[in-house]
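Structural overview
Each chain is listed here by its residues.
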Amino acid sequence: MFISFPMNVLEFSLSLFIIIICFTYSTWYLTSRWCKTSVPTNWPLIGMLPGLIQNAHRVHEFATDVLIETMGTVEFHGPVLANLNMLITSDPANIHHILSRNFSNYPKGLEYRKIFDILGNGIFNVDYELWEIHRKTTMSLTSHPKFQILLERNTWDTIEKGLLPILDDFARQGTPFDLQDIFQRYSFDAIIKLLLDHNPRSLSIGLPHVPCEKAFNDAMYAIFYRHILPEICWKLQKWLQIGKEKKLIQAQEAFDQFLYPRISRKQQELMNKVIKDKDFDIFAAYVQAYYQWNNRDSSNIQEFLRDTFLSLIFAGRDTTSTTLTWLFWLLAKNPLAETRIRKEIQKQLHPIKEDDNLKFFNVEESRKLVYLHGALCEALRLFPPVSIEHKVPLDYDILPSGHRVSPNTRIVLSFYTMGRIESIWGKDCLEFKPERWISELGKIKPEPSFKFPAFNAGPRTCLGREMGFIQMKMVAATIIQNYHVQLMEAQTISPSDSIVLQMKNGLKVRLVNRVPLRSS
């Protein structure tokens, strides 16, 4: 006896799909209305994607809510066949295990290179021999005695010829402006001058549009969404050249159009031996690194140098500018801390008087600014510039939290969340307290990197950490002594949905002079 179905296969499938959607919506409605949990519901077929989409406008805060509720680690389930399953963690023990103790099992890997393909063979993307060459070269440069001299001279040159004239102009006119934009321009000009001996002059009166400088923002937004969108979605956008992938393509064109001519010029100078310092030349060191990696074929040297310098520019521009932006917002909200920093500046540097302009101070003097250092660490703790890290293990592993991971498990480390967990930083974890970084003897109190991973941790710890603190202290101290920064009212401050934790809408401020203006 045969049973005849009233519907064909297509009708049955469509009806089943409609039933699942209706069931999902009904349950979501009831859950959002009555349930207090932050953990998104794991639906049939579509996984936790609805919860993620619902919170896409506040993804960092959403991840923090979920991770606090789940004791620091949660398994996220994406839609079937979307390759979006991942394990998200902010557990310091897991961070230490992945980034340090079992480092060899967690290379960057193909998945990471796929998402960050715009960085090519730069230091952030590669593993093994090429990474060792990058790291060795960069370490030898940053530890060279002449690097500190170059950094010091370059920083003050950019401050005096670029930053201060712009700030004086805004203070003189009393007009509001976006301080985040100014810091991004400063950091971009400074790192380009340091690496390629070229001043792009994005930090000039009138604030000219420099496509390469602005392209970094578009690139980091697109890369962030590659972490949370199914791969097929962002690859389709890339193929169609629409959405954020179109912006990423345009960003890559802007990078290439800016970098390749400067690289060619430096190559020509090197061939003609027009080198200012034969004992210390940053560009020549990376050319030598290329031949150490590939000593038979020079056809790809420009691409290698492009990838190398793009990665270093990304690190120098975005981390410094982001930290300074959050610092001045935090200081505006905590005026007593700003007053204490100003008093420290006046006592430790030279000393200077209350109404003196702050001028040049050297690297050794910058190390005396202990309270300012603590304030910068607090900004980095609460708003780490690189908010997440992405890993995929080579082999099966068991994390300290007890979670099992396999070779295809995507792991996301939430550094943003770590600064907001009471078990890590105490009940005052949401407060801005530079004092937490200062010992009873008045010295900087270091914290382990797996607790404070603003500069990453383990073998991949950021090599520019000391350089970053020097630059940020020089910029911050100059502004704090010379101006009073007033926040504009009626602006919403929140982290952007990006790999780099910028402010979503910038930081609108007005400057008031504390000391006499320099002559025009």
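This one's a predicted model, so the numbers in the text were calculated from it and none came from an experiment. (Residues numbered from 1 in each chain as written. Predicted model: local features only at pLDDT ≥ 70, side-chain atom pairs only at ≥ 80, totals over all residues. Heavy atoms only, no water.)

The next thing to look at is the packing of aromatic side chains. Throughout the structure, instances matching the rule amount to 24 aromatic pairs. The residue whose ring lies beneath Lys244 is Tyr225, and the NZ or CZ to ring-centre distance is 4.7 Å. A cation over an aromatic ring shows up here: Arg262 above the ring of Phe258, its NZ or CZ 4.4 Å from the ring centre. (Phe/Tyr/Trp six-rings, centres within 6.5 Å; stacked < 30°, edge-to-face > 60°. Lys NZ or Arg CZ within 6 Å of the ring centre and 35° of its normal.)

This part takes up the confidence of the model for the chain. For the chain, mean pLDDT is 89; residues scoring 70 or higher make up 91% of the total. Across the chain, element-level confidence peaks in helix H16 (residues 370–382) with a mean pLDDT of 98 and bottoms out in helix H1 (residues 9–34) with 53. Within the model, pLDDT remains below 50 along residues 1–7, and this stretch shows three contacts once partners closer than five positions in the same chain are excluded. (pLDDT = per-residue confidence, 0-100. Helix = DSSP H or I, 4+ residues; strand = E, 2+ residues; numbered from the N terminus. Contact = heavy atoms within 4.5 Å.)

As a further point, take the packing of helix H11 (residues 243–271) against helix H13 (residues 301–333). Relative orientation of the contacting elements H11 and H13 amounts to 115°, with a least axis distance of 9 Å. The orientation of H11 with respect to H13, classified from their angle, is roughly perpendicular. The two elements H11 and H13 meet at a crossing, and its hand is right-handed. Where H11 approaches H13, its residues Gln252, Phe255, Asp256, Leu259, Tyr260, Ile263, Ser264 and Gln267 are matched on the opposing element by Ile301, Gln302, Glu303, Leu305, Arg306, Leu310 and Ile313. (Axes fitted to C-alpha atoms, helices over the stretch in contact; angles between N-to-C directions. Parallel < 35°, antiparallel > 145°, perpendicular 65-115°, else oblique. Left-handed = near helix turned anticlockwise from the far one by under 90°.)

What follows concerns the UniProt feature "binding site: heme" (unreviewed entry) in the chain. According to UniProt, the "binding site: heme" (unreviewed entry) feature falls on Cys462. Take Cys462: it is sitting in the loop between helix H18 (422–425) and helix H19 (465–482). Leaving out residues up to four positions away in the same chain, Cys462 has contacts with Phe455 and Asn456. (UniProt positions renumbered as here; feature names shortened; annotations may be inferred.)

Now for the pairing of strand S9 (residues 508–513). Alignment of strand S3 (residues 177–178) against S9, held across two bridges, turns out to be antiparallel. The residue of S9 that forms the bridge with Asp178 is Lys508. As defined by bridge partners, strand S8 (residues 483–487) adjoins S9 across five bridges and the pair is classed as antiparallel. The residue bridging Leu487 from the neighbouring strand is Val509, located in S9. (Pairing = 2+ DSSP bridges.)

Moving on to the environment of Thr323. Among the secondary structure elements, Thr323 is positioned in helix H13. By relative accessible area, Thr323 is classed as buried at 1%. In this structure, the C-alpha to C-alpha distance between Thr323 and Met472, residues 149 residues apart in sequence, is 8.2 Å. Once residues within four sequence positions are removed from consideration, Thr323 is found in contact with Leu376, Ala379, Leu380, Pro385 and Met472. (Buried < 20%, exposed > 50% of the residue type's maximum accessible area, 1.4 Å probe, protein only.)

It is worth spelling out the environment of Ile424 at this point. Positionally, Ile424 belongs in helix H18. According to the relative accessible area criterion, Ile424 is buried, its value standing at 12%. With 27 residues separating them along the chain, Ile424 and Lys451 place their C-alpha atoms 7.1 Å apart. Other than its neighbours up to four places away in sequence, Ile424 contacts Ser90, Pro92, Met418 and Lys451.

Sheet architecture is open: three strands sit in the order S3-S9-S8, paired in antiparallel fashion. Of all the strands in the sheet, the pair left with one neighbour each is S3 and S8.

Let us look at the pattern of salt bridges. Two side chains that carry opposite charge are able to pair once their charged atoms sit near each other. Within this structure, the stated rule accounts for 32 salt bridges. The residue Glu447 makes a salt bridge to Lys451 at a minimum N-O spacing of 3.2 Å. Residue Glu447 is classed as partly exposed on the basis of its relative accessible area, which comes to 21%. (Salt bridge = Lys/Arg side-chain N within 4 Å of Asp/Glu carboxyl O.)

Within the largest apolar cluster, 149 residues are counted, with the highest numbers of intra-cluster contacts made by Phe309 and Leu327. The biggest single contributor to this core is H13, with 15 residues. (Core = buried A, V, L, I, M, F, W, Y, C linked by side-chain atoms within 4.5 Å.)

So, on to unusual backbone geometry. Positioned with a positive phi, Arg201 is a non-glycine residue whose angle comes to about 55°. When you line up the elements, Arg201 lands in the loop between helix H8 (179–196) and helix H9 (211–228). Even without a glycine there, the phi angle at Leu207 is positive, about 45°.

In space, the four strands of this open sheet follow the order S1-S2-S7-S4, with mixed pairing throughout. Every other strand in the sheet has two partners, leaving strand S1 (73–76) and strand S4 (388–391) as the edge strands with one partner each. Neighbour to neighbour, the strand axes of the sheet diverge by 20° on average, direction disregarded. Of the strand pairs in this sheet, S1 and strand S2 (residues 86–89) are connected by four bridges, and their pairing is antiparallel. In the strand pairing of S2, Phe76 is matched with Met86. Most of the contacts of helix H4 (residues 92–101) go to strand S7 (residues 410–414), to which it runs at about 120°, and overall it touches S1, S2, S4 and S7.

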